[in-house]
Amino acid sequence: MGRWGRCDYRELKKLDERLQQLSEVDMDRLCRDAAKKIAQILLNKVKKRTPVGVVPPYATDEAKEEYWPGYRGGSLRDAWTILLIEKHGEQYTVTIINNLEYASYVEYGHRQTPGRYVPALGKTLKASWVKGRFMLTISEQEVKTLAPSILNDMLHDALKGVFS
C-alpha cells in the first residue's frame, strides 16, 4: 500500500474565511450595484436615442412667435427616470419610465388622419401611420448583450478582493 503523504490545510482554511466574507449581504449589495450600473447605462442609451423637438425650418417668423415662444426642446428626453430596484425572488428588477403622455406614441408609432391640417406644423398630414422610434426597445436589446460582460467584470473585481 502506498502512502498518501501529508497535507497542510491552513491555506484552504484561510480561503474559506475569505469566502465567508463574501456573504449573502455582500452578494445582495453587489447585485444591486450591478443593477444600478446596468440601469444607468440603459438610461444613457435611451436618452441619446430620444428625439428632441426643434422648431421646423419651414415655420415663418410669425408662426415661431405664435407657437414656440421661448421654445426649448428636450422635455421627452428629460422625462426618462429610473425607479427603485426591486428584488423578486432571485431576480432584481429595474424599471425605467417616461411619464409624458405622448412618450408611447413616439416609442411605438401612431395613427393620424391624412388630409388634416395641423396649424402648429403649418402642413397637411399625408401618411396614415407615423413610425415609432423604439428608443427604449432598441436600447434595451443593446444593454441585454452588454449585461453579461458588465456582470462578469463586477464579479471578477469582487472575487479578486477575496482571493488576493
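Refer to the preceding data block for the structure.
The structure presented is a predicted model; accordingly, all values stated were derived computationally and were not measured. (Residues numbered from 1 in each chain as written. Predicted model: local features only at pLDDT ≥ 70, side-chain atom pairs only at ≥ 80, totals over all residues. Heavy atoms only, no water.)

Caption draft 1: Quick look at the overall build of the protein. Looking only at helices and strands, the protein has six helices and eight strands in total. Residue burial in the protein is summarised as follows: out of 164 residues, 20% are buried. (Helix = DSSP H or I, 4+ residues; strand = E, 2+ residues; numbered from the N terminus. Buried < 20%, exposed > 50% of the residue type's maximum accessible area, 1.4 Å probe, protein only.)

Caption draft 2: Representation of the nonpolar core in the model. Membership of the largest hydrophobic core comes to 13 residues, with the highest contact counts inside it found for Ile38, Leu42, Trp80, Ile96 and Met154. The dominant element in this core, judged by the number of residues it contributes, is helix α2 (residues 24–49), at six residues. Excluding residues that lie within four positions of it along the chain, Ile96 makes contacts with Ala39, Leu42, Leu43, Trp80, Thr81, Ile82 and Leu136. (Core = buried A, V, L, I, M, F, W, Y, C linked by side-chain atoms within 4.5 Å. Contact = heavy atoms within 4.5 Å.)

Caption draft 3: A look at the environment of Glu101. With respect to the helices, strands and loops of the structure, Glu101 is situated in the loop between β4 (96–98) and α5 (103–108). For the pair formed by Glu101 and Leu76, sequence separation is 25 residues and the distance between their alpha carbons is 9.6 Å.

Caption draft 4: The side chain of Glu107, seen in detail. Residue placement: Glu107 occurs in helix α5. One buried charged side chain, Glu107, makes no salt bridge at all; its nearest oppositely charged neighbour is Arg49, positioned 8.6 Å away. Here Met135 takes part through its backbone nitrogen, which lies 3.0 Å from a polar atom of the side chain of Glu107. Of note is the side chain of Glu107, whose polar atom sits 3.0 Å from the backbone nitrogen of Leu136. Sequence-distant contacts of Glu107, defined by excluding residues within four places in its chain, comprise Gly132, Arg133, Phe134, Met135, Leu136 and Thr137. (Lys, Arg positive; Asp, Glu negative; His and termini not counted. Salt bridge = Lys/Arg side-chain N within 4 Å of Asp/Glu carboxyl O. Polar contact = N/O pair within 3.5 Å; in protein donor to acceptor, adjacent residues only side chain to side chain.)

Note that all results are geometric; they support no functional claim without further evidence.
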